[in-house]
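# Per-entry structural report
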Amino acid sequence: MIKTTSQSLCALGCTFLLASGAVAGPYTDAITSEQRAVIERWVDDEFEMSSLSREQQIEELAWFALAAKPFQDLDIKVLSENITTHKYESSVLAKAFTEITGIPLTHEVRPEGEVIDQLNLQRLMAAKGRYDAFVNDSDLIGTHARSGWALALSDFMVGEGSDVTSPTLDLDDFLGISYVTGLDGKMYQLPDQQFANLYWFRYDWFQRDDLREQFRDIYGYDLGVPVNWSAYEDIAEFFSVHVQEIDGKRVYGHMDYGKRDPSLGWRFTDAWFSMAGAGDKGLPNGQPVDEWGIRMEECHPVGASMARGGATNGPAAVYALQKYIDWLEQYAPPEAINMTFGEAGPVPAQGQVAQQIFWYTAFTADMNKPGLPVVNEDGTPKWRMAPSPHGAYWEEGMKLGYQDVGAWTIPRAMSSFRQKAAWLYAQFTTSKTVSLRKTLVGLTPIRKSDLSTPEMQAEAPKLGGLVEFYQSPARKNWTPTGVNVPDYPKLASLWWPNIADAITGVKTSREALDALALGQDRAMAVMQRNFTLRTCGPRLADQEDLKGESYWLEQPGAPKPALANEKPQGKTIPYDDLVRSWDL
């Protein structure tokens, strides 16, 4: 992890946050009365909730006003996906930034696919492009670190950009700095929002004595948060097959989606195989084999197929894909198999689903709207979120799920003048002055200090476990795609067509994953042959030098040989006991 502290980055006298009781500081004293009036208006009207005191907020924003003086004539344009957090930045924070700093700024929001397309277009052009900065997933960290396209922020902060690096940046306060750190130990992105894929369930149903007794009679153990996939499957069967109706409505024990669509790939790269246990131990990602099944030696990807020591088509991955298909067909609403990500997302809020094995916490706000069948009259949820269960191949020390980290990324191929202005905005949108308010709007926390504020703790009962999860040690097992993936856009595009072939029955699960593994190997071979990456590119062995599947299956770690029993005894834990365990 980068251990750059705010003090080491201070360029204007190294004055840190104001001491308690102080009414002004060197930055506040240096701005005009007009600038202070603008800052105070924003602090009092929009950023009243903060981990900082009012005086500390004014001092922090005064630094931005002073640092921005050289950039008044620039028009800066940035791009991010159209989730709630970024809509707030676009409509509110961009305006605040311009009024406080005087830098004209446009913050566009588009669907995620269009953001990636624009980023790739600018990356492939290797020259000045339309946007001065992007918020894109840290899943691209392996791409950014190898391609040389993205600015290495850790170098920039102590070098060319030291005069525009905030003394209150406080990198140690960010939850996700390790996820934006490349193979070389450098930080290439700044976390702007993050959310995890967690288990979601109807807490109210799981607490009903009649349902608990019925479940124990059938399965021999208690209804609760499933620890393993065996228990999840039992609970799915219980509600779909044995319960069927609650309060006169048809209910189901599982929800997912299966339509042939690019969003189908997200379900697997975000990160289904890690839950099953397909990769190796290691955090934030398995080494030498990650959750995509890609083996890396030193810093070089060497293959995804078992013949090359990868695990994309290994027994654990086949098991994971087959479980996905079986549960979708047997326990989800019948229309789910023809749904996309966007169509399936709102279904649990309609009140007919008992649980979902992994659910994006970015939907928390949408799941809490008054009047929904899953919300109590007092505004508290009838549901909870908890760590997702693990599959039969999972071992202690492995990542357990996916965490999306949208992070500011600045192109390297542009003038340092523009880079500095873009960096100011990236820091502004993540500053302690604004981050708590932004978190309460979008529920995508990035700072530890925000989670412990009275405002966030007061909101916690309405958020179904979100705050408790992010304050728990469990969150460290939920990580984004890591550095083993050399070109995320190219390889990610291979997943959904092959997964769809298995779901539609065109191919068996093993056949589909064989095709996926081979496709990834071929794509990496092209990268190797064409030298498309500046450093740590793929190094695939020649065909005649392959050791073969049987050799790798006999070695420790991934790929792992097939288990004789892929459904061990189901295991659950009471939700309240789980939350209490996090406080120990």
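Reference entry: report on the structure contained in this document. Fair warning: this is a prediction, and the values are worked out from it, not measured in the lab. (Residues numbered from 1 in each chain as written. Predicted model: local features only at pLDDT ≥ 70, side-chain atom pairs only at ≥ 80, totals over all residues. Heavy atoms only, no water.)

## A word on the overall build of the protein chain
- On a plain count of helices and strands, the protein chain comes out with 26 helices and 14 strands.
- For 584 residues, the compact-globule estimate of 2.2 N^0.38 gives 25 Å, and the C-alpha radius of gyration of the protein chain, at 24 Å, lies within 12% of that figure.
- Its C-alpha atoms put the protein chain at 70 × 65 × 40 Å along the principal axes.
- In the protein chain, which comprises 584 residues, the proportion classed as buried is 61%.
- The contacts of the protein chain with a sequence gap of at least 6 include a subset with a gap of at least 24, amounting to 76%.
- Accessible area of the protein chain: about 21700 Å², with a carbon and sulfur share of 50%. (Helix = DSSP H or I, 4+ residues; strand = E, 2+ residues; numbered from the N terminus. Rg over C-alpha atoms; globule rule 2.2 N^0.38 Å. Buried < 20%, exposed > 50% of the residue type's maximum accessible area, 1.4 Å probe, protein only. Contact = heavy atoms within 4.5 Å. Areas by Shrake-Rupley, 256 points an atom, 1.4 Å probe, with all protein chains shown as cover.)

## Comments concerning the packing of aromatic side chains
- Under the criterion given, the structure shown has 48 aromatic pairs.
- Judged by centre distance (5.3 Å) and plane angle (90 degrees), the ring pair of Phe215 and Tyr221 falls under edge-to-face.
- The exposure class assigned to Phe215 is buried, which follows from its relative accessible area of 0%.
- In this arrangement the basic side chain of Arg250 is found over the ring face of Tyr252, its NZ or CZ atom lying 4.4 Å from the centre.
- Over the ring of Tyr203 we find Arg384, and its NZ or CZ is 4.2 Å from the ring centre. (Phe/Tyr/Trp six-rings, centres within 6.5 Å; stacked < 30°, edge-to-face > 60°. Lys NZ or Arg CZ within 6 Å of the ring centre and 35° of its normal.)

## Structural notes on the state of the cysteines
- Taken as a whole, this structure holds 1 disulfide when the rule is applied.
- Between the sulfur atoms of Cys299 and its disulfide partner Cys536 the distance amounts to 2.1 Å. The sign of the S-S torsion, about -85 degrees, decides the handedness of the disulfide formed by Cys299 and Cys536: left-handed. Of this pair, Cys299 sits in the loop between strand 8 (295–297) and strand 9 (300–303) while Cys536 sits in the loop between helix 24 (509–530) and helix 25 (549–553), and the two are 237 residues apart along the sequence. Across the pair, Cys536 and Cys299 agree in class, each one buried. (Disulfide = S-S within 2.5 Å.)

## Description of unusual backbone geometry
- A cis amide bond links Asp270 with the next residue in sequence, Ala271, at an omega value of -10 degrees.
- With respect to the helices and strands, Ala271 occurs in the loop between helix 12 (262–269) and helix 13 (272–276).
- Cis peptide bonds are those with omega within 30 degrees of zero, and the linkage from Ala558 to Pro559 qualifies with 0 degrees.
- As for its placement among the helices and strands, Pro559 is situated in the loop between helix 25 and strand 14 (572–573).
- The backbone phi angle of Gln244 is positive, close to 65 degrees, even though this residue is not glycine.
- Examined against the element boundaries, Gln244 turns out to sit in the loop between helix 11 (229–243) and strand 6 (245–246).
- Positive phi outside glycine occurs at Leu443, with the angle close to 55 degrees.
- Among the secondary structure elements, Leu443 is positioned in the loop between helix 18 (432–442) and helix 19 (448–451).

## Some words on the environment of Arg529
- By the element assignment, Arg529 lies in helix 24.
- For the pair Arg529 and Arg539, spaced 10 residues apart in the sequence, the C-alpha separation amounts to 9.3 Å.

## Considerations on helix 11
- Helix length check: helix 11 (15 residues) gives 20 Å between terminal C-alpha atoms against 21 Å at 1.5 Å per residue, within 8%.
- In terms of burial, helix 11 is a largely internal element, 12 of the 15 residues being buried.
- Among the residues of helix 11, those classed as buried are Trp229, Ser230, Ala231, Tyr232, Glu233, Asp234, Ile235, Ala236, Phe238, Phe239, Ser240 and Val243. (Expected span 1.5 Å × (residues − 1).)

## Details of the pattern of salt bridges
- Scanning the entire structure with this criterion turns up 34 salt bridges.
- Across the pair Glu108 and Arg110 runs a salt bridge, and its minimum N-O distance is 3.5 Å.
- Using a relative accessible area of 17% as the deciding quantity, one classes Glu108 as buried.
- Where Lys399 meets Glu291, a salt bridge forms, and the shortest distance between an N and an O atom there is 3.0 Å. Separated by 108 residues along the polypeptide, Lys399 in the loop between strand 11 (384–386) and strand 12 (401–409) and Glu291 in the loop between helix 13 and strand 8 bring together distant segments of the chain.
- On the accessibility criterion, Lys399 (4% relative accessible area) is buried.
- On the basis of relative accessibility, which here comes to 3%, the residue Glu291 falls in the buried class.
- Salt bridges here are not isolated pairs; linked through shared partners, they connect Lys77, Glu108, Arg110, Glu114 and Arg130. (Salt bridge = Lys/Arg side-chain N within 4 Å of Asp/Glu carboxyl O.)

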